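What follows is each chain in one-letter form.
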Amino acid sequence: MLRSAVTGRSVAGQVFLLQVVIVLLLVVAAVVAQVLQVRRDSDTEAQNRSLAVAETFANAPGTVAGLRAPDPTAVLQPKAEAVRKATGVDFVVVMNTDGIRYTHPKPDRIGKKFVGTIGPAVAGGIVTEHVNGTIGPLVQVVVPVKDTSGKVVGLVSAGITTAHVGGAAAQQLPLLLAAAAVALALATGGTALVSRRLLRQTRGLGPYEMTRMYEHHDAVLHSVREGVLIVGDGGRLLLANDEAHRLLDLPEDAERRSVLELGLDDETAALLASGRVATDEVHLVKDRLLAINQRPTDLRGGPVGSVTTLRDSTELRALSGRAEVTRERLNMLYDAGVGIGTSLDVTRTAQELAELAVPRFADFATVDLFDAVLQGEEPRPGTALRRTAGAGVRKEAPLYPVGERIRFVATSPQARSLTTGQSVVVPVLRDAPGWRAQDLERTDQVLEYGIHSMITVPLRAGSLVLGVANFWRSEKPEPFDSEELALAEELVARAAVSIDNARRYTREHSMAVALQRSLLPRTLPEQGALEIAYRYLPAQAGVGGDWFDVLPLSGARVALVVGDVVGHGLHAAATMGRLRTAVHNFSALDLPPDELLSLLDELVGRIDQDETSADGTAAITGATCLYAVYDPVARRCTLARAGHPPPALVHPDGSVEFPDVPAGPPLGLGGLPFETAELELAEGSRLVLYTDGLVEDRDRDIDEGLELLGDSLRRTPGASPEETCRTVLERLPARPSDDVALIVARTRVLDTDRVAQWQVPSDPAAVSQVRSSVTAQLAAWGLEELDFTTELILSELVTNAIRYGRGPIGVRLLRDRTLICEVSDASTTSPHLRYAASTDEGGRGLFLVAQLADRWGTRYTPQGKVIWAEQPLP
């Protein structure tokens, strides 16, 4: 601290040097006075005086700087002469370390070599010499001039003739030196105290650091984008930076004035004057919203007052608003990516677009599509559009309602958009005559409702324009702008892709559904053995390979078929059609269920082989089938299944069971036989056949599904087949994950009074007896009109059985929806229809039967065969 003080680099040091200069001047003045008073000093006095003068000048302020100046003579010569004259010495010479004079009483000797010894002085010592000069005996002293680091930078020589020195000077010189020392000590102590206080107040920073710190703080204070106020005790403004002046519009002389006198509003001025803590308080100052933060300065022993910062939140809020709008638009586009096109339904996708836009983008949104698009076809320009979807912040808007067909006039924005494929913005609908020409009455209602601006964007998918999307504004007074147009186009572009995908799916799905519907039975055939109800539910994935059939057989019997081709799509539907056709053909042979499934299994195997050889991949990955034949006369049902779920049987008392029908392998495996099961069914029993989509799901296995099906059937005691179907399907979703085919058949019984049968001996004479019995039975049934044809048919069939068959021979008449004549024998040889030659004695009887009967045929039984013929009842 003392070192820094004496070096002169601090304020205290500068004060100290000033005091030293003053003391030295006083000493020199005293010495000179003594020299003037006593002119005859001794040699010692002359030596001391010379030495004093030389040392004083060497250590005097400015000596070192003068030696280092560009022209030392100009700086030191006046001083040296002044000292020489003041002290009474004869000369004061300042020279460099080489002895070249910078000063001399005689200017012509400046720049010349000093006469005398200088070596010890250059080394840092003092040289005193007694010489005889031109002015007489004198004493000269050479002393070094040192800089602050102790380096010798020059020499000072002083000399006086002994004649000029008096003895009194030598006596008074110690007193003078003592006084100078005391003065220097007092100056040093005072300087140390001042330096210590300054260092404490400046926290150890020197003048240079203090200056730089002040410059930095001042630059920062006036360049920050926040206003800074320092208010002192009493509410007086001590400091305000440039930003504070700008934000508060302060006068130029605001500092040192009370904040209550600065023209601020009362609320803001009271806050600044109070000095209380404030955090982001928003104040309206003229036309600006300022966020004010304020903290007191005396919390840690500082001076009384407060520091306040001001932040202009007007621009910040505007920027924040724009950022929020941008973020909302990005969120809307993201939501459009995940929320539009969630289903492959054109109408639903259009509605998703409208609902997404309202109210986040528009107050009302409508979507108009060509009718062909709704049907899955490519749009046909020039045709009317249909309002497919709409959404709004309010109901009952006077816009065209959803479902209405619209033909836009050529001047309307929608028509221009459809024609050019470009979006159209109508900022002010009231000033748009082209839009108003669409429907003057309706457009007036729209304007009165408050709708004032519109954007129409074409729904483009490649080169196709599917329709237009319209966005309407009523709540927000500003019209649509170009940025909102870009957002609308982006939204519609994403929706157009989804709508086109849905359109393509609709077309393919419609084709598949048309194919499937054409392959499924449209109506059930008439028959009297069963009361039947059925349901078919397509899967979510589209059309599949489930099918069902009701096939009337001979002898009033009925066959029920339920099948399932694994998979979905056109191929599954086409394969189902092939299998259904095959079952129709095989059932015409009146085969038992197990034999029919064997033939069907062989057919599926051949289909697999053909398609595998064609493209290398097997198209049928699995097919199952359940075939049941019900005989209303015997009240028996014969069933066989190929990998299919078992049927359910609901007894007349409401109890439910799943009969144990042997489970054969799925169709197409080959090599394994199928087994049949026979059930005796009471009248009114309900036989339930279904596909696996009814009892199996991703979330449950077939055992759980069968249990749920049984519970549903138990809740329907005595219900009709139609009610049973409805109850069973209530627990299923509207669009199950797999196809569901369901048939519920309630059994009927052909009463014994509608059945007549006789045993016929193998004797041609018995034919007449059969005719008589049949005639009597027909009369009992009131069917006399059929006597002639029935006698001819039975006569021919019985005669053939007697002639070509084996006994026992039986005749049976069944009165159902038709009159059925059956002749049975133990032979397996089946007659066939042929054209008899004119010379043939026989061969015309079967031809006659075919002409008289609606249908006829042969079926084989374990005991032989049965030839049957049906006639319509009158």
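Before any of the text, the structure's been laid out above.
It should be emphasised that the depicted structure is a prediction, and the values quoted were computed from it without experimental measurement.

## A closer look at a nonpolar patch on the surface
And then number 1: A contiguous nonpolar patch, built from Leu18, Ile22 and Leu26 and spanning about 310 Å² of accessible area, is present on the exposed surface.
And then number 2: Within the fold, Leu26 resides in helix 2 (residues 11-37).
And then number 3: For Leu26, a relative accessible area of 59% puts it in the exposed group.

## Concerning the packing of aromatic side chains
And then number 1: Tallied over the full model, the rule gives five aromatic pairs.
And then number 2: Aromatic side chains Phe361 and Phe471 sit 5.3 Å apart centroid to centroid with 85° between the ring planes, which places their arrangement in the edge-to-face category. With Phe361 in the loop between helix 12 (346-357) and strand 10 (364-370) and Phe471 in strand 15 (residues 464-473), this pair connects stretches of sequence that are 110 residues apart.
And then number 3: The buried category is assigned to Phe361, whose relative accessible area is 6%.
And then number 4: Between Tyr534 and Phe548, the aromatic rings sit 4.9 Å apart at their centres with planes inclined by 40°, giving tilted as the arrangement. Taken together, the residues Tyr534 in strand 16 (residues 530-537) and Phe548 in strand 17 (residues 544-552) connect sequence positions 14 residues apart.
And then number 5: With a relative accessible area of 2%, Phe548 lands in the buried category.
And then number 6: A connected cluster of aromatic rings, assembled from ring pairs, spans Phe361, Phe471 and Phe480.
And then number 7: One cation-aromatic arrangement involves Arg473 over Phe480; the distance from NZ or CZ to the ring centre is 4.2 Å.

## Looking at the sheet that holds strand 31 (residues 864-872)
And then number 1: Spatially, the five strands line up as an open sheet ordered 27-28-29-31-30, and their pairing is antiparallel. Since the sheet does not close on itself, it has two edges, and those belong to strand 27 (755-760) and strand 30 (855-861), each with one partner. The mean angle between the axes of side-by-side strands here comes to 15°, regardless of whether they run parallel or antiparallel.
And then number 2: Where strand 30 and strand 31 come together, seven bridges link them in antiparallel fashion. Its bridge partner being in strand 31, Arg859 is matched across the sheet by Val866.
And then number 3: Contacting strand 27, strand 28 (809-815) and strand 29 (818-825), helix 22 (residues 766-781) crosses the sheet at an angle of about 170° to strand 27.

## Digging into the pairing of strand 3 (residues 136-146)
And then number 1: Most of strand 3 sits inside the fold, with nine of its 11 residues counted as buried.
And then number 2: The pairing of strand 2 (residues 127-133) with strand 3 spans seven bridges and is antiparallel. Bridging from a neighbouring strand, Thr128 pairs with Val141 of strand 3.
And then number 3: Hairpin remark: strand 2 followed by strand 3, antiparallel, with two residues in the connecting loop.
And then number 4: Note that strand 3 and strand 4 (residues 152-161) share nine bridges and pair antiparallel. Residue pairing in the sheet places Val143 in a bridge with Val156 of strand 4.
And then number 5: Linkage of strand 3 to strand 4, two consecutive antiparallel strands, is achieved through a turn of five residues, within which Gly150 is found at a positive phi near 90°.

Scoring rules and cut-offs
- Residues numbered from 1 in each chain as written.
- Predicted model: local features only at pLDDT ≥ 70, side-chain atom pairs only at ≥ 80, totals over all residues.
- Heavy atoms only, no water.
- Patch = residues over 30% accessible without salt bridge, like charges linked within 9 Å, V, L, I, M, F, W, Y side chains within 5 Å.
- Areas by Shrake-Rupley, 256 points an atom, 1.4 Å probe, with all protein chains shown as cover.
- Salt bridge = Lys/Arg side-chain N within 4 Å of Asp/Glu carboxyl O.
- Helix = DSSP H or I, 4+ residues; strand = E, 2+ residues; numbered from the N terminus.
- Buried < 20%, exposed > 50% of the residue type's maximum accessible area, 1.4 Å probe, protein only.
- Phe/Tyr/Trp six-rings, centres within 6.5 Å; stacked < 30°, edge-to-face > 60°.
- Lys NZ or Arg CZ within 6 Å of the ring centre and 35° of its normal.
- Pairing = 2+ DSSP bridges.
- Axes fitted to C-alpha atoms, helices over the stretch in contact; angles between N-to-C directions.
- Contact = heavy atoms within 4.5 Å.

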